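Read off the chains here:
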Amino acid sequence: MELKKDINAVSIDMLLIVHSEKRRAAQGTHSDLQADPGALLQRCGGTQLTVEVHPRDAMPQLLKKFSLAKRLQGDKNGNTRPRQPGGKDAHAYPWDRSSLKSLSLDLRQFEKLDTYASQVTAKSGLDELVSDLLQETHSDLERVRAIWIWICHHIEYDMAAAQEKDRQAFKPTDILRTQKTNCDGYAGLFERMCRIAGVQCMTVPGYSKGFGYQTGQSFSGEFDHAWNAVYLEGRWHLVDSTWGSGLVDTTTSKFTFLYNEFYFLTHPALFIEDHFPDNKNWQLLKPPQSLRQFENNMYHKSEFYNKGMLSAHPETSVIRTGEPRAGGRLVRRRQGQSTLCCASGSPPEAALPSPPCGHGCGGVRQLLSNQAIRPSGQGMAMGHMGRDRGSLTLA
């Protein structure tokens, strides 16, 4: 037995041998305890272990190591297996209007970290990059934030790859080299960097109301987008670094870096407006929505909420205008136009500067909300949010 002392603990290396009473009697005496532990282990069979004696308020070093190893334990390909979302991860639907985030945040706490992370230069290897990013972090939340900020400010959306019939798989090393990728690459890179940082993260595939979306369209077949779920403070949260990085103008097919805070830890009741996961559990909603509800629900772009708007009525993307009130709070009609009331407010995150539209909305940058009127016997018309008043004008 060997004692090791340090400031916080006493570590005792011991040899634990378990065998039957008959064998114990045959193998004898106290002299065995003086034998070499390695030889004794080989001769008798047993388990060598270390016992720590530590203060009540101190975390055992071995437990720390075991905990980290368990968190990062992976399969033969190095992929970890975080727990699947459960009931405690679910947020109530509809949105309670208290916050745009799923976690209580004061974004001012990230000011220095955001500046630092955005200025870290790209490295040839992910481990080195993540190590640099974590220099100024002190919690899992800050680690995730640093990774999110770096990706959103350094990785460009690859429009050519996004338009390919067969979506290309991007390796993290290739993304670092070219600093370009598609949505799958964004999600894969974010997941890999989080796991290197010791934070549980998953890539979530699904449908999105992003690039090429038409109001009222149906979704089927192959999923068109991917984002992430990250485990913080005992529950899962949603992020989309693709849409947080900027936007693409469809008229020029050019990407522009334009940071969007909205898609960092977005409240699930808002995230579901333009993200429908392959597994309903990743909605993190109670009750979860069906695909039909996702297709029919009103779609507010991120700018709608970033400008302080809270709701629009009616809460449907298609309005029949055969009746004077069209099923909503119709305030007036003139020359074929209908105006609907919207509630506005200022959630804590709403005042932050944001780009004029979500990623993939193309050149139509004034639209804060996609809604269509379908007059009797006529076609559909798009809606837009008036900037000088809290109303939604449908033309």
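Our structure's up above, just so we're on the same page.
The rules behind these values
- Residues numbered from 1 in each chain as written.
- Predicted model: local features only at pLDDT ≥ 70, side-chain atom pairs only at ≥ 80, totals over all residues.
- Heavy atoms only, no water.
- Core = buried A, V, L, I, M, F, W, Y, C linked by side-chain atoms within 4.5 Å.
- Buried < 20%, exposed > 50% of the residue type's maximum accessible area, 1.4 Å probe, protein only.
- Contact = heavy atoms within 4.5 Å.
- Pairing = 2+ DSSP bridges.
- Helix = DSSP H or I, 4+ residues; strand = E, 2+ residues; numbered from the N terminus.
- Polar contact = N/O pair within 3.5 Å; in protein donor to acceptor, adjacent residues only side chain to side chain.
- Axes fitted to C-alpha atoms, helices over the stretch in contact; angles between N-to-C directions.
- Phe/Tyr/Trp six-rings, centres within 6.5 Å; stacked < 30°, edge-to-face > 60°.
- Lys NZ or Arg CZ within 6 Å of the ring centre and 35° of its normal.
- Expected span 1.5 Å × (residues − 1).

1. With respect to the nonpolar core
The biggest cluster of nonpolar side chains holds 73 residues, and the ones touching the most others in it are L133, W150, I151, F190, M193 and L265. Residues within four places of F190 in sequence aside, it is in contact with V144, I147, W148, I151, C201, N228, V239 and S241.

2. Here's the deal with the pairing of strand β10 (residues 246-249)
As judged from the four bridges shared by β10 and strand β11 (residues 254-257), these two strands associate in the antiparallel manner. Bridge assignment links G246 to a residue of β11, and that residue is F257. The turn linking β10 back onto β11 is made up of four residues, and S253 within it adopts a positive phi angle of 55°.

3. Some words on the side chain of S99
As for its position among the elements, S99 is in the loop between β4 (91-92) and α4 (111-119). There is a polar contact of 3.0 Å between the side chain of S99 and the backbone nitrogen of K101.

4. As for the pairing of strand β8 (residues 225-232)
β8 sits mainly inside the fold: eight of its eight residues count as buried. Of the two faces of β8, the one carrying H225, W227, A229 and Y231 and the one carrying A226, N228, V230 and L232 are both buried. Relative to β8, strand β7 (residues 201-208) is paired through six bridges, and the arrangement is antiparallel. From the neighbouring strand, T203 faces β8, where its bridge partner is N228. Looking at chain direction, β8 and strand β9 (residues 235-239) are connected through five bridges and run antiparallel. By the bridge assignment for β9, Y231 is matched with W236.

5. A short note on the sheet that holds β9
Spatially, β12-β9-β8-β7-β13 is the arrangement adopted by the five strands of the open sheet, whose pairing is antiparallel. Of all the strands in the sheet, just β12 (264-266) and β13 (275-277) have a single pairing partner and so form its edges. Taking each pair of neighbouring strands and ignoring which way they run, the sheet shows an average axis angle of 50°. Here two bridges tie β9 to β12, and the two strands are oriented antiparallel to one another. Opposite V239, over in β12, you have F264 as the bridge partner. Lying on the sheet, helix α6 (residues 140-154) is in contact with β8, β9 and β12; it crosses β12 at an angle near 110°.

6. Concerning the packing of aromatic side chains
Any two aromatic rings considered together are summarised by their centre-to-centre distance and by the angle between their planes. Scanning the entire structure with this criterion turns up 19 aromatic pairs. Residues Y213 and Y299 carry aromatic rings whose centres are separated by 5.7 Å and whose planes lie at 85° to one another, so their mutual orientation is edge-to-face. Taken together, the positions of Y213 in the loop between β7 and β8 and Y299 in strand β15 (residues 299-300) put the pair 86 residues apart, joining distant regions of the chain. Here the aromatic rings of F255 and F257 are separated by 5.0 Å at their centres, their planes lie at 85°, and the arrangement is edge-to-face. A network of ring pairs unites the aromatic residues Y207, Y213, F219, F223, F276, F294 and Y299 as a single cluster. The side chain of R145 reaches across the aromatic face of F264, ending 4.7 Å from its centre. Sitting over the face of the ring of F294, K209 holds its NZ or CZ atom 4.6 Å from the ring centroid.

7. Focus: the environment of D158
For D158, the position within the fold is in the loop between β5 (156-157) and α7 (159-162). In terms of polar contacts, D158 uses its side chain to reach the backbone amide nitrogen of A160, at 3.2 Å.

8. With respect to helix α9 (residues 183-196)
For an α-helix the count is 3.6 residues per turn, leaving residues at separations of three or four pointing the same way. Over its 14 residues, α9 runs 20 Å from end to end, which matches the ideal 20 Å to within 8%, given 1.5 Å per residue. For α9, the complete set of buried residues consists of C183, G185, Y186, A187, L189, F190, E191, M193, C194 and R195. Of the residues flanking the end of α9, it is G198, one or two places downstream, whose phi is positive at about 85°.

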